[in-house]
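# Notes for the structure review
Chain by chain, the residues run as shown.
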Amino acid sequence: MANATWTRRHVLSLADFSLGEYDTVLQTAASFQEVLSTRTKKVPVLQGLVVANLFFEPSTRTRSSFELSAKRLSADTLNFAPGTSSLSKGETILDTAKTYLAMGADLMVIRHREAGVPQAIATEMDKLGVRVGVLNAGDGQHEHPSQALLDLFTLCCLVNPEYPRLKLLSDKKIAIIGDILHSRVARSNIWSLTASGAEVHLAGPPTLVPKLFAEYGSGCRSRDIKAGKNLITSFPVKASIPKPKSEIPNRKLFIHWDLESALIDADFVMTLRLQKERMSTHLLPSWREYHQRYGITRTRLKLCKPGVKVLHPGPVNRGVEISSELMDDPQFSLISQQVTSGVAVRMALLYLMGSGKPELKNGE
Ligand code: CP
């Protein structure tokens, strides 16, 4: 099992992920993919550890996937649901986290509708001097690192299933289409996919492509991210965002407000859910019009490279961001594959973050 270079206690953002860390996650996930293909599907590497899934916002894929991953690693799991918790009695989020700490949580997986909550809990745990690892399972519009890492793993495995590594995507064109403004998935994917050397092309209506991105893309023109100038840090999120890795200076990010120029010759197309619950004003005339202009269909994929594949992080608004028939077409759609990859990738993250702890416990 690979675990040579991992020193990170928390996974809160991909902004400061190194090339080595990406490859360590990919390599470890590939090992766990093999474990998952055996009859038992389980390894005892996190036996005795407690993984607390603290989901303050609804989730199907991420919560279940982290729970299953922890179980496959033989950890014990605690699942928190706000509706049946003491939050309604006035308990704060930090006190909730401390309660799980007192029950012996070694790893905390946090989802919250506000950006920065996983960071705040990680800071509190560090302040308390406890060796608890915090994993961001999606915070507001900020980041969703495990989703981007499973997307990365899915794509790298497609190029070389025997040896999935970051650089396999270096000559690829990847289009990310839709509600970039509200998407934590897009922000994390921008970090990981541009780190691979791939060209990342964002497209969507001007109301859903962040203005700060547009300043650099200037409408349909496009321009690389300048080294050291991090567009993403400028977004109005409360999270404290780490400095991007200087070893990845030439990230190739392009902006389009027309769909066609983003799709031309794309190797992969990632569509994003329109996040109605985060739209405080009317940003679109109608969902039907959005589909007509930006919806991904088999006809539109003819602009892309032959063999193009389509991703979607889910949940999907069928017939809005992607046509229903395309979503279910295994010739194009990687959506089920993404969900499957999620278990191996989350096993890798939990293992890498937690595998130092059993020795510590045994030595106590
Ligand atoms: N992709 C994703 O985060 O899905 P859930 O909201 O179902 O976890």
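Residues numbered from 1 in each chain as written. Predicted model: local features only at pLDDT ≥ 70, side-chain atom pairs only at ≥ 80, totals over all residues. Heavy atoms only, no water.

## Some remarks on the confidence of the model for the chain
- When the pLDDT values of the chain are averaged, the result is 88; 87% of them are 70 or greater.
- pLDDT under 50 marks residues 216-239. Its contacts with residues more than four places away, or in other chains, come to 53 contacts.
- Here residues 358-364 scores under 50 on pLDDT; set against residues more than four positions off or in separate chains, the count is six contacts. (pLDDT = per-residue confidence, 0-100. Contact = heavy atoms within 4.5 Å.)

## Things to note about the nonpolar core
- Counting 67 residues, the largest nonpolar core has Tyr 22, Leu 149, Leu 152, Ile 176, Leu 193 and Leu 350 as the members making the most contacts within it.
- With 10 residues, helix H12 (residues 335-354) is the largest single contributor of residues to this core.
- The residues that make up this core include at least three from each of domain 1 (19-143 + 340-355) and domain 2 (147-338).
- Ignoring any residue separated from it by four or fewer positions in sequence, one finds Leu 149 in contact with Leu 14, Phe 17, Tyr 22, Val 25, Val 345 and Leu 349. (Core = buried A, V, L, I, M, F, W, Y, C linked by side-chain atoms within 4.5 Å. Buried < 20%, exposed > 50% of the residue type's maximum accessible area, 1.4 Å probe, protein only. Helix = DSSP H or I, 4+ residues; strand = E, 2+ residues; numbered from the N terminus. Domains from an automatic or database assignment.)

## Some points on the pattern of salt bridges
- Counted under the stated rule, the structure contains 16 salt bridges.
- One salt bridge in this structure joins Asp 126 and Arg 9, with 3.7 Å as the shortest N-O distance. Of this pair, Asp 126 sits in helix H4 (residues 117-128) while Arg 9 sits in the segment before helix H1 (19-36); the two residues are 117 residues apart in sequence, bridging distant segments of the chain.
- Its relative accessible area of 37% is what places Asp 126 among the partly exposed residues.
- Notably, a salt bridge pairs Arg 184 with Glu 57, separated by 2.8 Å at the nearest N-O pair. Here Arg 184 is found in helix H6 (residues 184-195), whereas its partner Glu 57 is found in the loop between strand S1 (50-55) and helix H2 (61-72), with 127 residues between them in sequence.
- Taking the relative accessible area as the measure of exposure, Arg 184 reaches 7% and is therefore buried. (Salt bridge = Lys/Arg side-chain N within 4 Å of Asp/Glu carboxyl O.)

## Observations regarding the site of the ligand
- Taken together, Ser 59, Thr 60, Arg 61, Thr 62, Arg 111, His 144, Gln 147, Pro 313 and Gly 314 make up all the residues around the ligand.
- Backbone polar atom of Thr 60 to an oxygen atom of the ligand: 2.9 Å apart, as the coordinates give it.
- At 2.9 Å from a nitrogen atom of the ligand is found a main-chain nitrogen or oxygen belonging to Pro 313.
- Protein coverage of the free-state accessible area of the ligand, which is 260 Å², stands at 91%.
- Broken down by class, the residue content of the shell around the ligand amounts to one nonpolar, six polar and two charged. (Near = heavy atom within 4 Å. Polar contact = N/O pair within 3.5 Å; in protein donor to acceptor, adjacent residues only side chain to side chain. Areas by Shrake-Rupley, 256 points an atom, 1.4 Å probe, with all protein chains shown as cover. Nonpolar A, V, L, I, M, F, W, Y, C, P; charged D, E, K, R; others polar.)

## Some remarks on the environment of His 312
- Note that His 312 resides in the loop between strand S9 (309-311) and helix H11 (324-327).
- The exposure class assigned to His 312 is buried, which follows from its relative accessible area of 1%.
- C-alpha of His 312 to C-alpha of Ile 177: the two residues are 135 residues apart in sequence and 9.8 Å apart in space.
- Side-chain polar atoms of His 312 contact the side chain of Glu 321, separated by 3.0 Å.

## Considerations on helix H3 (residues 93-102)
- When H3 is considered as a whole, its buried residues turn out to be Thr 96, Ala 97, Tyr 100 and Leu 101. Summarising the axial view, the buried residues of H3 lie within an arc of 145 degrees, below the 170-degree limit, and thus occupy one face.
- Just past H3, the residue Gly 104 takes up positive phi, approximately 100 degrees. (Arc of directions from axis to C-beta.)

## Observations concerning the sheet that holds S1
- Read across the open sheet, the four strands follow the order S2-S1-S3-S4; overall the sheet is parallel. This sheet does not close on itself; its edge strands, each paired only once, are strand S2 (76-80) and strand S4 (133-139). On average, each strand axis in the sheet is inclined to that of its neighbour by 15 degrees, with strand direction left out of account.
- Relative to S2, S1 is paired through five bridges, and the arrangement is parallel. In the strand pairing of S2, Val 51 is matched with Thr 77.
- Across the face of the sheet, H4 comes into contact with strand S3 (107-112) and S4 while running at roughly 165 degrees to S4.
- Lying on the sheet, H12 is in contact with S1, S3 and S4; it crosses S4 at an angle near 150 degrees. (Pairing = 2+ DSSP bridges. Axes fitted to C-alpha atoms, helices over the stretch in contact; angles between N-to-C directions.)

## A closer look at the side chain of Arg 251
- Note on placement: Arg 251 falls in the loop between helix H7 (211-217) and strand S7 (252-256).
- A relative accessible area of 4% places Arg 251 in the buried class.
- A distance of 2.8 Å separates a polar side-chain atom of Arg 251 from the backbone oxygen of Trp 191.
- A polar contact of 2.9 Å, which involves the side chain of Arg 251, links it to the side chain of Thr 194.

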